[in-house]
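Summary of structural features
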Amino acid sequence: MRVAITSTGDSLDSLLDERFGRCSYFVVYDTESKSTEFIPNPNKSAENGAGPASVQLVAARKVSKIVSGEFGMKIKSLVDCLQLQLIVVKEPKTVREIIAMLNH
């Protein structure tokens, strides 16, 4: 299973970015191969439509789940259509800690 995690930076020790559409990076983690890919978010500074554009970006990477601090309302119908699961993590955690949670 492939999971997209929003991140403030491009390392496993970076914190989860609370914003989905305007996060700094997406980390695509594969639970089977244990591989990670860091993708800079080109939608971070978009005037509008950052959420839906970010959904399309991670969906193209074949993810089935997205982990972030919060999600905007504009992406609800899109993630439902693409059958993506959204996971909200409220407490500050590093990407490494989230990956550990996914592996349990």
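A brief look at the structure comes next. (Residues numbered from 1 in each chain as written. Predicted model: local features only at pLDDT ≥ 70, side-chain atom pairs only at ≥ 80, totals over all residues. Heavy atoms only, no water.)

Turning to the side chain of Asp 17, a few remarks are in order. Here Asp 17 lies in the loop between strand S1 (2–7) and strand S2 (25–30). By relative accessible area, Asp 17 is classed as buried at 4%. Looking at Asp 17, its side chain comes within polar contact range of the side chain of Arg 19, at 3.0 Å. At 3.1 Å, the side chain of Asp 17 and the backbone nitrogen of Ser 24 are in polar contact. Not counting the four nearest positions on each side in its chain, Asp 17 is found in contact with Thr 6, Ser 7, Thr 8, Arg 22, Cys 23, Ser 24, Ser 68 and Gly 69. (Helix = DSSP H or I, 4+ residues; strand = E, 2+ residues; numbered from the N terminus. Buried < 20%, exposed > 50% of the residue type's maximum accessible area, 1.4 Å probe, protein only. Polar contact = N/O pair within 3.5 Å; in protein donor to acceptor, adjacent residues only side chain to side chain. Contact = heavy atoms within 4.5 Å.)

Taken in spatial order, the 5 strands make up an open sheet running S3-S2-S1-S4-S5, and their pairing is mixed. Across the chains shown, the open sheet's two edge strands, defined by having one partner strand only, are strand S3 (36–40) and strand S5 (85–88). Each neighbouring strand pair of the sheet contributes to a mean axis angle of 20°, computed without reference to strand direction. Against the sheet, helix H1 (residues 50–59) contacts S1, S2, S3 and strand S4 (65–68), and its axis sits at roughly 30° relative to S2. Each of S1, S2, S3 and S4 touches helix H3 (residues 95–102); the most contacted strand, S1, lies at about 155° to it. (Pairing = 2+ DSSP bridges. Axes fitted to C-alpha atoms, helices over the stretch in contact; angles between N-to-C directions.)

Right, let's get into H3. Looking at H3, one finds that the buried residues are Val 95, Ile 98 and Ile 99. Axial view of H3: buried residues confined to an arc of 100°, hence all on one face. The elements touched by buried residues of H3 are S1, S2, S3 and S4. (Arc of directions from axis to C-beta.)

Attention now moves to the packing of aromatic side chains. Per the counting criterion, the structure on display carries 2 aromatic pairs. Ring centres of Phe 20 and Phe 71 lie 5.4 Å apart, and the angle between their planes is 45°; this geometry places the pair in the tilted category. Note that Phe 20 is positioned in the loop between S1 and S2 and Phe 71 in the loop between S4 and helix H2 (76–82), a separation of 51 residues in sequence. Here Phe 20 falls in the buried class, since its relative accessible area comes to 3%. Residue class for Phe 71 comes out buried when judged on its relative accessible area of 18%. Members of the aromatic cluster, each reached through a chain of ring pairs, are Phe 20, Phe 26 and Phe 71. (Phe/Tyr/Trp six-rings, centres within 6.5 Å; stacked < 30°, edge-to-face > 60°.)

The computed volume of the largest pocket comes to approximately 230 Å³. In terms of lining, the largest pocket is formed by 14 residues, of which the most central are Gly 21, Arg 22, Ala 50, Gly 51 and Gly 72. Grouping the amino acids of the lining of the largest pocket by side-chain chemistry returns 5 nonpolar, 5 polar and 4 charged. (1 Å grid on protein atoms, 1.4 Å probe; cavity = no way out; pocket = protein on both sides within 12 Å on 5 of 7 lines; lining within 4 Å. Points joined across faces, edges and corners; volume = space filled by probe spheres on them. Nonpolar A, V, L, I, M, F, W, Y, C, P; charged D, E, K, R; others polar.)

With that settled, the discussion passes to the side chain of Asp 30. The residue Asp 30 is located in strand S2 in this model. By relative accessible area, Asp 30 is classed as buried at 14%. Looking at Asp 30, its side chain comes within polar contact range of the main-chain nitrogen of Ser 33, at 3.1 Å. With residues near it in sequence (within four places) discarded, Asp 30 still touches Met 1, Arg 2 and Ser 35.

The values reported here are purely geometric and, on their own, carry no functional implication.
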